[in-house]
Amino acid sequence: MDFVIEKKLFDSAARQILFGRKSTPADLVDLTAEGSLLTVVAMGTSIEIPIVCEMSGSMSVSVGDLEKLKKISATYKAGPIRIRIAGGRLRFQ
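The text that follows walks through the structure, step by step, so that each part is easy to find. Counting restarts for each chain, with residues numbered from 1 along the sequence as it is written. pLDDT decides what is reported in this predicted model: residues at 70 or higher carry local features, side-chain atom pairs at 80 or more are listed and counted, and totals for whole chains, interfaces and linings draw on all residues regardless. Only hydrogens and water are removed before side-chain values are computed, so all heavy atoms of the structure are retained for them.

Things to note about empty space enclosed by the protein
So, point 1. Think of a 1 Å grid over just the protein atoms. A cavity is a set of points where a 1.4 Å probe fits yet cannot get out, a pocket is an open set with protein on both sides within 12 Å along at least five of seven lines, and lining residues have an atom within 4 Å of a point. Grid points are joined across faces, edges and corners, and a volume is the space filled by probe spheres set on the points. Taken as a whole and judged by the stated rule, the model has one cavity of 30 Å³ or more.
So, point 2. The space that makes up the largest cavity amounts to roughly 100 Å³.
So, point 3. Around the largest cavity sit F3, F10, A13, A14, I17, L31, L38, V40, I49, L66, L69 and I83, which together line it.
So, point 4. What counts as a helix is a DSSP run of H or I of at least four residues, what counts as a strand is a run of E of at least two, and both are numbered from the N terminus. Of all the secondary-structure elements, those providing two or more residues to the lining of the largest cavity are α1 (7-18), β3 (37-42) and α2 (63-73).

Below, the structure is given as C-alpha coordinates:
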(Lines give C-alpha, C1' and ligand atoms only; values in the text may rest on other atoms or scores of the structure.)
Protein backbone atom coordinates (compact mmCIF):
# COMPACT_ATOMS: atom_id res chain seq x y z
CA MET A 1 0.00 0.00 0.00
CA ASP A 2 1.46 3.36 -1.03
CA PHE A 3 -0.38 6.68 -0.98
CA VAL A 4 0.06 10.44 -0.60
CA ILE A 5 -2.21 12.36 1.76
CA GLU A 6 -2.42 15.97 2.91
CA LYS A 7 -0.93 16.35 6.38
CA LYS A 8 -3.90 18.30 7.75
CA LEU A 9 -6.33 15.59 6.55
CA PHE A 10 -4.20 12.84 8.12
CA ASP A 11 -3.97 14.75 11.41
CA SER A 12 -7.71 15.35 11.46
CA ALA A 13 -8.52 11.68 10.78
CA ALA A 14 -6.05 10.49 13.42
CA ARG A 15 -7.53 12.90 15.96
CA GLN A 16 -11.05 11.59 15.24
CA ILE A 17 -10.01 7.93 15.49
CA LEU A 18 -7.94 8.44 18.65
CA PHE A 19 -10.64 10.41 20.46
CA GLY A 20 -11.56 8.31 23.50
CA ARG A 21 -9.39 5.36 22.44
CA LYS A 22 -6.00 6.16 24.00
CA SER A 23 -6.81 3.86 26.92
CA THR A 24 -7.10 0.89 24.51
CA PRO A 25 -3.81 0.93 22.53
CA ALA A 26 -4.18 -2.69 21.38
CA ASP A 27 -7.46 -2.09 19.49
CA LEU A 28 -7.13 -2.27 15.71
CA VAL A 29 -7.73 0.40 13.09
CA ASP A 30 -8.34 -0.80 9.51
CA LEU A 31 -6.81 1.23 6.67
CA THR A 32 -7.94 0.64 3.08
CA ALA A 33 -6.47 2.62 0.18
CA GLU A 34 -8.34 2.18 -3.07
CA GLY A 35 -8.81 4.54 -5.98
CA SER A 36 -8.71 8.06 -4.62
CA LEU A 37 -9.93 7.31 -1.08
CA LEU A 38 -8.41 6.10 2.15
CA THR A 39 -11.00 4.50 4.39
CA VAL A 40 -10.11 4.41 8.08
CA VAL A 41 -12.34 2.20 10.23
CA ALA A 42 -12.26 1.64 13.98
CA MET A 43 -15.02 0.30 16.16
CA GLY A 44 -17.86 2.81 15.84
CA THR A 45 -16.02 5.23 13.53
CA SER A 46 -15.49 5.28 9.76
CA ILE A 47 -13.70 8.07 7.88
CA GLU A 48 -13.01 8.52 4.16
CA ILE A 49 -10.13 10.78 3.15
CA PRO A 50 -9.11 11.84 -0.38
CA ILE A 51 -5.63 10.58 -1.34
CA VAL A 52 -3.40 9.98 -4.34
CA CYS A 53 -3.06 6.20 -4.35
CA GLU A 54 0.10 4.73 -5.87
CA MET A 55 -0.64 1.14 -4.83
CA SER A 56 -3.95 0.05 -3.32
CA GLY A 57 -4.32 -2.34 -0.42
CA SER A 58 -5.50 -2.71 3.14
CA MET A 59 -3.92 -3.19 6.54
CA SER A 60 -4.72 -3.07 10.23
CA VAL A 61 -2.65 -1.06 12.70
CA SER A 62 -3.07 -0.70 16.43
CA VAL A 63 -4.40 2.44 18.06
CA GLY A 64 -1.00 2.80 19.75
CA ASP A 65 0.78 2.78 16.37
CA LEU A 66 -1.66 5.35 15.00
CA GLU A 67 -0.93 7.55 18.00
CA LYS A 68 2.81 7.28 17.24
CA LEU A 69 2.18 8.25 13.60
CA LYS A 70 0.24 11.30 14.76
CA LYS A 71 3.20 12.35 16.92
CA ILE A 72 5.58 11.87 13.97
CA SER A 73 3.26 13.91 11.75
CA ALA A 74 3.56 16.85 14.15
CA THR A 75 7.23 17.18 13.17
CA TYR A 76 6.40 17.68 9.46
CA LYS A 77 5.51 20.92 7.71
CA ALA A 78 2.13 21.40 6.07
CA GLY A 79 1.71 19.73 2.70
CA PRO A 80 1.53 16.21 1.30
CA ILE A 81 3.05 13.22 3.10
CA ARG A 82 3.66 9.73 1.72
CA ILE A 83 2.75 6.59 3.65
CA ARG A 84 4.05 3.23 2.47
CA ILE A 85 3.07 -0.09 3.97
CA ALA A 86 4.75 -3.23 2.63
CA GLY A 87 6.40 -6.33 4.01
CA GLY A 88 5.09 -5.71 7.51
CA ARG A 89 6.74 -2.28 7.66
CA LEU A 90 5.05 1.09 7.80
CA ARG A 91 7.06 3.99 6.41
CA PHE A 92 6.04 7.56 7.01
CA GLN A 93 7.81 9.99 4.66
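Now, onward.
Things to note about the sheet that holds strand β6 (residues 57-62)
So, point 1. Strands are labelled as partners when DSSP assigns at least two bridges between them. Pairing is antiparallel across the open sheet formed by four strands, whose spatial order is β4-β3-β2-β6. Of all strands in the sheet, those with a lone pairing partner are β4 (45-50) and β6, marking the two edges. Across this sheet, the average inter-strand angle for adjacent strands is 20°, counted without regard to direction.
So, point 2. As paired strands, strand β2 (residues 28-34) and β6 are joined by six bridges and run antiparallel to one another. Within β6, the residue paired with V29 across the bridge is V61.
So, point 3. Its contacts with the sheet place α1 against β2, β3 and β4, and it is angled at close to 180° to β4.
So, point 4. Throughout, a residue-residue contact means that at least one pair of heavy atoms, one from each residue, lies within 4.5 Å. Under this scheme, a helix contributes an axis fitted over its contacting stretch, all axes are lines through C-alpha atoms, and angles between N-to-C directions fall in the 0 to 180 degree range. Each of β2 and β6 touches α2; the most contacted strand, β6, lies at about 95° to it.

A closer look at the sheet that holds strand β1 (residues 2-6)
So, point 1. With antiparallel pairing, the four strands of this open sheet are ordered in space as β5-β1-β7-β8. Taken across any chain shown, the strands that pair with only one partner, and hence form the sheet edges, are β5 (52-55) and β8 (89-92). Between one strand axis and the next, the sheet turns by 20° as a mean value, whatever way the strands run.
So, point 2. Relative to strand β7 (residues 80-86), β1 runs antiparallel, the two being bridged by five bridges. Looking across to β7, one finds that E6 is bridged to P80.
So, point 3. Together, β1, β7 and β8 form the strand contacts of α1, whose direction differs from that of β1 by roughly 90°.

A look at the environment of T45
So, point 1. Structurally, T45 can be placed in strand β4.
So, point 2. Residue T45 is classed as partly exposed on the basis of its relative accessible area of 22%.
So, point 3. Linking T45 and Q16, residues 29 residues apart in sequence, is a C-alpha distance of 8.3 Å.
So, point 4. Discounting chain neighbours no more than four positions away, the residues touching T45 are I17, R21 and V40. Burial status follows relative accessibility: with a 1.4 Å probe on protein chains alone, a residue under 20% of its type maximum counts as buried, one over 50% as exposed, and anything between as partly exposed.

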